[in-house]
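One letter stands for each residue in the lines below.
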Amino acid sequence: MTSRSRALILSAAAALLFPQSRLPAASHAPVRGRNGMVVSADSLASSAGVSVLRRGGNAVDAAVAVGFALAVTYPEAGNLGGGGFMVIRMAGGESTMIDFREKAPAASTRDMYLDAGGRPIREKSLTGPLAAGVPGTVDGLLTALNEYGSLGREDVIGPSLALADLGFPVTDHLARALGGEIPRFAIFPSSMKTFTRKGRPYRWGDTLRQPDLAVTLRAIMERGAEGFYSGDVAARIVAEVKKDGGIITADDLRDYGSVERDLLVGSYRGYEILTAAPPSSGGVLLLQILNSLERFDLQRLGWNSSGAVHALAGSCQRAFADRSEYLGDPDFVQVPVGELVSKEYSAARLADFDSMRASPSARISSGDPSLADHQTTHYCVADRFGNVVSVTFTLNGLFGCKAVVDGAGFFLNNEMDDFTVKPGALNMFSLVGGARNQIEPRKRMLSSMTPTIVVKDNRPFLVLGARGGSRIPTTVAQIIANVIDFGMNVQEAVDAPRVHHQWIPDTLLYEKRALESDVVRNLGSMGYVLQEVEVTARAEALMIDSAGGWVLGGADPREEGYALGY
Ligand code: GLY
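Predicted, not measured: the structure shown is a model, and the values here were computed from it.

Some details on the packing of helix α2 (residues 43-54) against helix α3 (residues 59-73)
Here is step 1: Running from amino to carboxyl end, α2 crosses α3 at an angle of 150°, the nearest separation of the two axes being 8 Å. Looking at the two axes, α2 sits roughly antiparallel to α3. Seen along the crossing, α2 lies across α3 with a hand that is right-handed. Residues Leu 44, Ala 45, Ala 48, Gly 49, Val 52 and Leu 53 of α2 touch α3, and the partners they reach there are Ala 59, Asp 61, Ala 62, Ala 65, Val 66, Ala 69, Leu 70 and Thr 73.

Listed below in structure tokens is the structure:
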């Protein structure tokens, strides 16, 4: 018997034996647009993108405008001081990825976050400018604009400059996010100056003006990437970094360059999947998970049935185990991407999958899973020409390393924590680091960001991604399966409660209402350790109904996501 027929027979048996979850409660209808759509975590940023589309800009122009707007209105993750990945598919079918991941400063060393006894010092890779990689966002957004956009810098940066200069009303979410960080901002006078009202928290409805950030945005608008990576802004970054023990130099900034790379191309049940290549692990994980899931009849098993969740968890465990061993910056280490994402490899990986029992992961003590969802942001854009863009960018932790560059008005990232600080040690997301992801000067740290585009019959069909560190690829996989296997519309697919397993810690996380109580009991008896969490990850997605001529937006109710069509 082939392993595929074995898997199908076992999944059919599981469908009969194991209880199923009911589909989640009704979602509101997706937001509709005839011409285009932006879905992001913030309403002002989505509006900035749609206004660019209305003025005739293409999806890349709008994506760049949304990126700069999020840097103003969504400072917890939108950024100038961080990095990310942009996946683009142009109407003619050309697709690409702009890698603007941060890089380790030239003076960084493998053991820079270890104490004399070789133990990781957690705070060192998390708080303060020593935790920061060389920022990539400005170069990445401007590279995308130059190569694939159609408008000028003024058109795409102007709206965010106005938002920084004139200010905007603080939302309840932003007030709570900023207020909660005041004890940590207090270490950095520039952060207190920029994001508190003379030491008191911003309240809902207050106007947040960011004059320093407006100066930085103006420099970028007038001088392009030079306006950020050299001159006054660069000098301010270096001064801030020096003041608080960091190592980014003027040369690091001048030398930074984003890279256009081939994206990863895979398939799932006849749909083409375009997703992020290394140095993100996200796309590799996504394709590995989907390749494994394809071997199960999910529809027959039923949405979030014990059998379907077992199939997903087993697929995720195996993919994450490979992440730790094989993935790193492809400019520095050999990454066997082709092998990892091949269908044959996934089949072989499932050879020891027991349909009745959980596969035990190695026992390693866990970190704090509640930390994982507070960072990063994803947005998607579709235009009326048939171009689509999927972007995930981040400061890593909420508000990055918590230090605002004095006089320049933006947070620096704490992305260095995404490196392997020490082989076997867990990072902020409880991910186990391997040797290929160890720190080296100018290397990019491994990411889990998974900006993705699903193509059907040679047309873009679904554009999606998520925030949530290690939970991003598992979330993207579930949304794709919700649409393709379970026929959900884009809003239902985003809303549907999710589960997550990342091999280590050996715990199956599930959101409230993701699993019926008998499914929880059943998975427990199969050997899973289960833990209920408020949120696994937060996703933003759009779907293109080519036949009907609609773009449909699905913003995540787990955050104040905002889909805006026109
Ligand atoms: N900083 C989170 C990630 O890149 O996965």
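Brief notes about the packing of aromatic side chains
Here is step 1: Scanning the model with the defined rule gives ten aromatic pairs in all.
Here is step 2: Ring geometry for Phe 185 against Phe 399: centres 5.3 Å apart, planes inclined by 85°, an arrangement best described as edge-to-face. Here Phe 399 lies in the loop between β11 (388-394) and β12 (452-456) and Phe 185 lies in helix α6 (residues 172-185), a separation of 214 residues in the sequence. Judged on exposure class, the residue Phe 185 and its partner Phe 399 are both buried.
Here is step 3: Seen in terms of ring centroids, Phe 228 and Tyr 229 are 4.8 Å apart; in terms of plane orientation they differ by 70°. Their pairing is edge-to-face. For the pair formed by Phe 228 and Tyr 229, the shared burial category is buried.
Here is step 4: An aromatic cluster is present here, built from Phe 185, Phe 195, Phe 399 and Phe 411 joined pairwise through their rings.
Here is step 5: Sitting above the plane of the Phe 461 ring, Lys 456 keeps its charged end 5.0 Å from the centroid.

Here we look at the pairing of strand β9 (residues 271-275)
Here is step 1: With respect to burial, β9 is a largely interior element, four of its five residues being buried.
Here is step 2: Bridge count between strand β8 (residues 264-268) and β9: five bridges; the pairing is antiparallel. Among the inter-strand pairings, Tyr 268 is bridged to a residue of β9, identified as Tyr 271.
Here is step 3: Between β8 and β9, which pair antiparallel in sequence order, lie two residues; one of them, Arg 269, sits at a positive phi of approximately 45°.

Some remarks on the environment of Met 543
Here is step 1: With respect to the helices, strands and loops of the structure, Met 543 is situated in strand β17 (residues 538-545).
Here is step 2: In the structure, Met 543 is positioned 80 residues away from Val 463 in sequence and 6.4 Å away in space, judged by C-alpha atoms.
Here is step 3: Not counting residues up to four positions away in its chain, the partners in contact with Met 543 are Phe 461, Leu 462, Val 483, Met 488, Asn 489, Val 490, Trp 550, Val 551 and Leu 552.

So, the confidence of the model for the protein chain
Here is step 1: Here the protein chain shows a mean pLDDT of 93. Residues at 70 or above account for 93%.
Here is step 2: Predicted confidence is poor over residues 363-373, with pLDDT under 50, and the contacts of this stretch with residues over four places away or in other chains come to 24 contacts.

As for the pattern of salt bridges
Here is step 1: Taken as a whole, this structure holds 32 salt bridges when the rule is applied.
Here is step 2: Here Arg 349 and Asp 322 are joined by a salt bridge, their closest N and O atoms 3.2 Å apart. With Arg 349 in helix α16 (residues 343-349) and Asp 322 in helix α14 (residues 306-326), this residue pair connects regions lying 27 residues apart in the sequence.
Here is step 3: For Arg 349, a relative accessible area of 24% gives the class partly exposed.
Here is step 4: Put simply, Asp 99, Arg 261, Asp 331 and Arg 444 are held in one network by salt bridges that share partners.

Here's the deal with the site of the ligand
Here is step 1: In the region of the ligand, the neighbouring residues are Arg 101, Asn 396, Glu 415, Asp 418, Phe 429, Ser 447, Ser 448 and Met 449.
Here is step 2: Between the ligand and Glu 415 there is a distance of 2.6 Å, counted from a nitrogen atom to a side-chain nitrogen or oxygen.
Here is step 3: Take Ser 448: an N or O atom from its main chain is 2.7 Å from an oxygen atom of the ligand.
Here is step 4: Residues that form the shell around the ligand fall into these classes: two nonpolar, three polar and three charged.

Description of the nonpolar core
Here is step 1: Of all hydrophobic cores here, the largest spans 94 residues; its most connected members are Tyr 268, Leu 462, Ile 480 and Leu 542.
Here is step 2: Considering each element in turn, this core owes the most residues, nine residues, to α14.

Some remarks on the sheet that holds β17
Whenever strands of a sheet pair, they do so through backbone hydrogen bonds, lying parallel or antiparallel.
Here is step 1: The antiparallel open sheet is built from seven strands, whose spatial order is β1-β18-β17-β13-β12-β9-β8. The open sheet is flanked by β1 (31-33) and β8, the only strands paired with a single partner. Averaged over all adjacent pairs, the angle separating strand axes in this sheet is 20°, with direction ignored.
Here is step 2: The sheet contacts of helix α12 (residues 282-293) involve β8, β9 and β12, and relative to β8 the element is tilted by about 20°.
Here is step 3: Together, β8, β9, β12, β13 (459-467) and β17 form the strand contacts of helix α17 (residues 471-484), whose direction differs from that of β13 by roughly 145°.

Let's talk about the sheet that holds strand β16 (residues 530-533)
Here is step 1: Across the sheet, which stays open at both edges, the three strands sit in the order β14-β15-β16 with mixed pairing between neighbours. The open sheet terminates on both sides in strands that have one partner only, identified here as β14 (499-500) and β16.
Here is step 2: Pairing of strand β15 (residues 508-511) with β16 involves four bridges; the strand directions are parallel. Counted as the bridge partner of Leu 508 is Leu 530 from β16.

So, the environment of Lys 124
Here is step 1: Along the chain, Lys 124 turns up in the loop between β4 (95-99) and α4 (137-148).
Here is step 2: On a C-alpha basis, the gap between Lys 124 and Asp 417 in space is 8.8 Å, while along the polypeptide they are 293 residues apart.
Here is step 3: Once you skip the residues sitting within four places of it in the chain, Lys 124 turns out to touch Met 112, Tyr 113, Leu 130 and Ala 131.

Quick notes on the packing of α3 against helix α8 (residues 211-223)
Here is step 1: Relative to each other, α3 and α8 sit at 165°, their axes nearing to 11 Å. Relative to α8, the element α3 lies roughly antiparallel. With respect to the hand of their crossing, α3 and α8 are arranged in right-handed fashion. Residue-level contacts link Phe 68, Ala 71 and Val 72 of α3 to Leu 213, Leu 217 and Ile 220 of α8.
Here is step 2: Residues of the contact of α3 with α8, tallied by class, amount to six nonpolar, no polar and no charged.

Conventions and cut-offs
Residues numbered from 1 in each chain as written. Predicted model: local features only at pLDDT ≥ 70, side-chain atom pairs only at ≥ 80, totals over all residues. Heavy atoms only, no water. Axes fitted to C-alpha atoms, helices over the stretch in contact; angles between N-to-C directions. Helix = DSSP H or I, 4+ residues; strand = E, 2+ residues; numbered from the N terminus. Parallel < 35°, antiparallel > 145°, perpendicular 65-115°, else oblique. Left-handed = near helix turned anticlockwise from the far one by under 90°. Contact = heavy atoms within 4.5 Å. Phe/Tyr/Trp six-rings, centres within 6.5 Å; stacked < 30°, edge-to-face > 60°. Buried < 20%, exposed > 50% of the residue type's maximum accessible area, 1.4 Å probe, protein only. Lys NZ or Arg CZ within 6 Å of the ring centre and 35° of its normal. Pairing = 2+ DSSP bridges. pLDDT = per-residue confidence, 0-100. Salt bridge = Lys/Arg side-chain N within 4 Å of Asp/Glu carboxyl O. Near = heavy atom within 4 Å. Polar contact = N/O pair within 3.5 Å; in protein donor to acceptor, adjacent residues only side chain to side chain. Nonpolar A, V, L, I, M, F, W, Y, C, P; charged D, E, K, R; others polar. Core = buried A, V, L, I, M, F, W, Y, C linked by side-chain atoms within 4.5 Å.

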